[in-house]
Each structure stands twice: as C-alpha cells, then as structure tokens.
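Reading the structure
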Amino acid sequence: MASSNSQFPLLLSLFLLFHHLLSANASLHKTRHLSSALLRQSPTTSHLNVTQPTRYFEVTKPIKLPRTKPCSHLILTHDFGYTYGKSPVLANYTPPSHCTPLQASKIVLEFKATCKGRQFDRIFGVWLGGVELLRGCTAEPTPSGILWSVEKDITKYHSLLVKNQRQTLAVYLGNLIDTTYTGVYHVNITIHFYTAERNMNYHEHDSNNLAYGYSSNADLILPISRNLPLNEGLWFQIKNSMDMEVKEFRIPRNAYRAVLEVFLSFHENDEFWYTNLQSEFISMNKLADTPGNGPFREVVISLDGEVVGAIWPFTVIYTGGISPLLWTPITGIGSFDLPSYDIEITPFLGNILDGKIHRFGFSVTNALNLWLIDANLHLWLDSKSSTTEGKLLKHNVMPLHVSLLSDFQGLNGKMLTNASRSISSTGLIKSSYGEITTHSIQDFSYSNSILIRKDGNLQVFDQMIHFDDTVYTRMPSYFAYSVSSFKRFPLLLSIHQLDRKNGTISLMTDVKLGFYEERSENSGFDFFFSSLRNLQSGLVVLEVEDNFVVDALWNTRQTYKYHGSDLCYFRNISSSNDTVLYDKVENTCKKGPDSNSNVGILHPSPSQARMSFLVPNVVNKKKGVLSY
C-alpha cells in the first residue's frame, strides 16, 4: 500500500504489507501478508532442499473414540482450482446404506487435503442441508507439496446426519490459479460412523427425565445461513459497522430448548482487527488506507431486533497471517478448525413458539470489510406434546462500555482500549416435563494496549479477552442442568525493525497466542469438567535488502495441556526452520502442574513485554539459531 507520509518507516510499511498486501487477482477471503512467494524464494529457505511432501498439523487433543471399527463414507472428492466467486461444489448425501448411522455413538468428519506449488491461504466451509459443519483455513503449499487433515467430532449433528432423506452437501473453497499462484487444493471429505462398545456405560435417552434430554444431542438443527443456489459460501457477509444481516426462520411449536451455534471468520481490513489503530492516530499521521476503527470488535446476535447474546472472538491467525513462516509445519491455534460459539436461546423460546416467522440478526461493532458469519439453531423437542409455551421473565442487556485513551506524538505513542459487557436472561417453558426455568449469563471484559516507539520501528500489541458463559436450568422441585465456560484469549505481538550498517534491515516478529478454558457441565446424573491451556509462541527474523529477503530464521513452540473427565492429553512441541526439534506427548492424568509444560500466564508487565521484544543483536547464520 502507499502512504501520503513520505517519512512513514519501512517497518510500519512492511507490517501493513504483512496484513494488507493485495495481489493482481485480489481475493475477498485471501489473507494479507508479506508475499509468501518472496519468503519462499529466500536462499536460506529450507523448502528448496525438500523433495517429499510435508505434513502440516494443528496441535489439539485427540477425539475419544469407541474401540470399534468405524464405517466410513467418502462423500466428496474434488480439486479446487479456479473456484473463487463461483458456486459451492455440491454432492448428494443420504445416510450410507452400508453403515448403521442410527446406532452411531461417535461421528467424525475428516477433511484431507494436498497441495503443491504456490498459493495463498484460503478460507473454506462445509455445509449439510445449509447447516455448517466445519470452517477452516487451508495450509500454504510449497513447491515440493504439503498435506494435512482435519478430524472434527460432529456427533452433535446426529439428527441431521441420520435423516433418512437426500440432502445437499456444499463445500466452498475460493481459489485462484494463474502463472504465479499455481497451487490446486485436492480435497477428500469422509464421515466415519462409530458404534458404541457393548460394554460401554453410556446413558440411553430417558424421555421422562429432563436432565437426560438436556445432555442428549438436539432433535432438530435449522440452518441460519444463506440459501442455495448462490455464489461463494453460505455465510453472510458483514462489510461495516452499520451492516446487519438477517435470516428468517420458523421453529416447531413443541421445542423446550434452543441453542444458537455461531460460526465466524474475519478477513481483509479486519483480518488483524486486534492491531487496527484508532482513527485519530491514522488521521493525524495521514496514513492513507490504513485499517482503523481501533482494535475492539464484538459480534452481536439479535432476535426480532432485540440483542440476545454476543461473541468476543478468539484471535485466530490464519496460515499466511503475520508471517507464513511461523505456521510450517505447526499451524496456528484454531486455523484448521475455527471455533464456533454457543448462545443459549432457551429463555426467549416463549417469544417464538407461535408458529410464525422470526428473525436472527448479525452485526459486528466497529467492523471493517469483511466478516463471514452464519449459525445453526439446535432445537430439543418435546416428544410427548405437540405444543409447549413459555415467556421471557427477565432480560438485562448492560450497555457496552468502551474506554479509549491515547497519548502520542507523531508516530510514537500508546493507545489503550478497555471494554466490558454483561447480558443476562431468564425464561420459563411449560412442557410435558413440567415448568422449566432457564437462566443465561454472559460476562465479558477486554483490554488492548498498542505501543509504538522509534518512529514506528517498534510496535507491541498486548491484548486479553475474558469471555464467560453460564447457563443453569431448574424444575420446581429439582436442579436439572448447568454448563459453565470461562475463557481467556491472550495475545502478545511485537514487530521490531533494526537498520544495519551494511544497508540491510533486520525485521523481527514475535507472537504469543493463548486459548485457555475452564468448562463444567452438570446434567443431574453426570458431571463433566475440563481444563485447557493452549499456548503458542513464534519468532521470525528476516534480513531484508532492497525489499528482498536475503536471510530468514524462524521457530515455533507450543504447549497444549488438556485435563478433563473424559481424557487427559499433554503435548509440548517445537520446530525451527520447518524442522520439528522435539515433540513430547503424554496421555496420562497427573496431579499438580507439569514442570515441563511451560504453560503460564501469557502477559508480563508492560515494561517486561517491551524488554522481551528487543531484536537479536545478530542472526547467527552458521549455527542457524537466534543470538541475543
């Protein structure tokens, strides 16, 4: 991009190139970064010496499967070449005749892909009957080729997958092929059905017990997405802060619970929304075409015009984001399988059980182009009654509170953004179970600090999101169900430019990203808990001469620690210049902290954060390591 300020430092220009560089064939859903082609052509890039395809992977816990042989059903094989802006690839789906899906206790979607050549990362989505099953980002290929796979537990869509009628599977992966970007994504999608073990102690549905009903999968799932036929994906596009996309729907009149599962992803000028500068800073420094509106974003969900929930999203970094070197072969948290978010709609059921058409709305506070959003409405139905009825007892939406502080002169300064919000609701449903009272509470807090020093040659972005959900349900005489999720999303990003005496420039990018969650679920007869601490850190040092990368060193480390009532899983892994240095995996539950996990609080004090991002004094080319 070009700036009207001729003194704008190279670092900030490179940073914006990392984030907002457009190729001649600009793609709506393509991430911006310093050209991966430029990085891949670096003479020190290890890919040039690789002849075999490299396996890329996202570090996550394994899916707990029954010890039974799966019945597998290949539902799509397709090569995604020139597909940008075109219709999704469609396939017919019916429950496979060679399987017994009705008896499946676990269902897994497997998305496998290979690619060779040069290509940007691309967002993709998989829908069945308009219901989104998976959203992910492709890996960026190399000349020697890559392969990767995503395995996702989709058991909660059981009622959709076993529906005995023909449905349409839709897959959108917008890709472009030309003389420079040659990578075609070869994709296979398979569903694996696992029957339960004979001696497995799992609970059959008890139609007389509400707790069993709440712990089961939904009886019906409605798509809250765009309808086929269309071009591009089934998601809605949010293009600015005033934009609201609406979907009409109607539900059966005997529902007693409703949960809205929301999928979202952010692109173009908001792909790195957490680094967007305040508009005043941009205006004062005449930084043309620089993404603004500050670094805070909130996804707002409304029902018939009334706010019913919000999402403060996790900062997924796609496989080409910030620097594509960081994500080879260990990809970013959530990049292959983007997280979805649940909003409890049960308190509002009384307003939509009238058999009439109602509307969900989606908007994004401070949004710039582009956000992709859709949802699935999970419904639990009363099998002993043709109608249920209810009413909203209480609904309290605390106004969004945002505070902005800034202190800067020219390109130097600091910007602080803090935000908080609380949404709570209580509703009553009368069903064959009796009177059901459901309480839902969402609490949010947010802090973001942007530090710019050395006339823009040092930038530090420090952010923390707290996103807490609690739902509990009671009958008149007993407690029935509760679920709580307490999440923290820390992020620390530094970019530092140092001019060398020999005319070259050293550019260091340091990122630390965390996804922490404490979760519990109590259904009266069973209790589930889990703790996840997932921390990733990466460092890239580039030597740039005449806008060409002449040397590059990079490493990525990740510690993943999951402890739950279902399983325990620990993985500590590190890679350097695309080579895995160590990979420690444990599947046993340990009491107390793991001394080798290196999983801790991400954020040091602001002064410590600045000190930790001092650029290395030298790039040690002989040893291939970073010297401080």
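Residues numbered from 1 in each chain as written. Predicted model: local features only at pLDDT ≥ 70, side-chain atom pairs only at ≥ 80, totals over all residues. Heavy atoms only, no water.

1. Looking at the overall build of the chain
Across its full length, the chain holds 6 helices and 31 strands. Counting the 628 residues in the chain, one finds 58% classified as buried. At a minimum sequence separation of 6, the contacts of the chain that also span at least 24 residues come to 76%. (Helix = DSSP H or I, 4+ residues; strand = E, 2+ residues; numbered from the N terminus. Buried < 20%, exposed > 50% of the residue type's maximum accessible area, 1.4 Å probe, protein only. Contact = heavy atoms within 4.5 Å.)

2. Some remarks on the sheet that holds strand 4 (residues 104-115)
Two modes of strand pairing occur in sheets, parallel and antiparallel, and in both the strands are linked by backbone hydrogen bonds. Read from one edge of the open sheet, 5 strands run 1-7-4-9-2, paired in mixed fashion. Across the chains shown, the open sheet's two edge strands, defined by having one partner strand only, are strand 1 (54-55) and strand 2 (71-80). (Pairing = 2+ DSSP bridges.)

3. Focus on the packing of aromatic side chains
Aromatic ring pairs are reported here in terms of the distance separating the ring centres and the angle at which the planes meet. Under the definition given, this model contains 29 aromatic pairs. Ring geometry for Y214 against Y481: centres 5.1 Å apart, planes inclined by 45°, an arrangement best described as tilted. Residue Y214 is located in helix 4 (residues 210-215), and its partner Y481 is located in strand 24 (residues 479-499); the two are separated by 267 residues in the primary sequence. Grouped by ring-pair contacts, the aromatic residues F266, F272, W273, Y274, Y318 and W371 constitute a single cluster. The aromatic ring of W380 is capped on one face by R257, whose charged end is 4.6 Å from the ring centroid. (Phe/Tyr/Trp six-rings, centres within 6.5 Å; stacked < 30°, edge-to-face > 60°. Lys NZ or Arg CZ within 6 Å of the ring centre and 35° of its normal.)

4. Some thoughts on the pattern of salt bridges
Across all of its chains, the model carries 14 salt bridges by this definition. Notably, a salt bridge pairs R257 with E344, separated by 3.2 Å at the nearest N-O pair. Residue R257 is found in strand 13 (residues 255-266), and its partner E344 is found in strand 16 (residues 340-344); the two are separated by 87 residues along the sequence. Both residues of the pair, R257 and E344, count as buried. Here K487 and D469 are joined by a salt bridge, their closest N and O atoms 3.2 Å apart. (Salt bridge = Lys/Arg side-chain N within 4 Å of Asp/Glu carboxyl O.)

5. Quick notes on the environment of D443
Topologically, D443 is positioned in strand 22 (residues 434-453). The exposure class of D443 is partly exposed, given its relative accessible area of 36%. Sequence spacing of D443 and H466 is 23 residues, and the spatial spacing of their C-alpha atoms is 7.9 Å. Ignoring any residue separated from it by four or fewer positions in sequence, one finds D443 in contact with R421, S422, H466, F467 and D468. At 2.9 Å, the side chain of D443 and the side chain of S422 are in polar contact. (Polar contact = N/O pair within 3.5 Å; in protein donor to acceptor, adjacent residues only side chain to side chain.)

6. Concerning the environment of C137
Mapped onto the elements of the fold, C137 is located in strand 6 (residues 131-137). C137 gets classed as buried once you look at its relative accessible area, which sits at 1%. Considering only alpha carbons, one finds C137 and R122, 15 residues apart in sequence, at a separation of 5.5 Å. The residues contacting C137, other than those within four sequence positions of it, are D121, R122, I123, F124, Y318, T319, S335, F336 and L338.

7. Digging into the sheet that holds strand 3 (residues 89-93)
Strands sit in the order 3-8-5-6 across an open sheet of 4 strands; the sheet is antiparallel. Of all the strands in the sheet, the pair left with one neighbour each is strand 3 and strand 6. This sheet shows a mean twist of 15° between the axes of neighbouring strands, independent of strand direction. Bridge count for strand 5 (residues 123-128) against strand 6 is 6 bridges, and the pairing is antiparallel. Each residue of the ladder has a partner; that of L128, found in strand 6, is V131. (Axes fitted to C-alpha atoms, helices over the stretch in contact; angles between N-to-C directions.)

8. Considering the pairing of strand 21 (residues 412-431)
Pairing analysis gives 8 bridges linking strand 19 (residues 389-397) to strand 21, with the strands arranged antiparallel. Considered in strand 21, the bridge of K391 is made with L428. Both strand 20 (residues 401-409) and strand 21 contribute to a ladder of 9 bridges, which runs antiparallel. When the sheet's bridge partners are listed, Q409 is paired in strand 21 with N412. Hairpin connection of strand 20 to strand 21: 2 residues between the antiparallel strands, including G410 at a positive phi of 65°.

9. A word on unusual backbone geometry
Leaving glycine aside, a negative phi is the common case for residues, and trans is the common case for peptide bonds. In the segment running from L228 into P229, the intervening peptide bond is cis, with an omega of -5°. Although it is not a glycine, E268 adopts a positive phi angle of roughly 50°.

10. Focus on the state of the cysteines
Summed over all chains, the structure comprises 2 disulfides. Here C71 is linked by a disulfide to C99, with a sulfur-sulfur distance of 1.8 Å. Taking the sign of the torsion about the S-S bond as the criterion, the disulfide between C71 and C99, at about -80°, is left-handed. In this pair, C71 sits in strand 2 while C99 sits in the loop between strand 3 and strand 4, placing the two residues 28 residues apart along the sequence. Each of the two residues, C71 as well as C99, counts as buried. The disulfide that involves C568 links it to C589, with 1.8 Å between the sulfurs. (Disulfide = S-S within 2.5 Å.)

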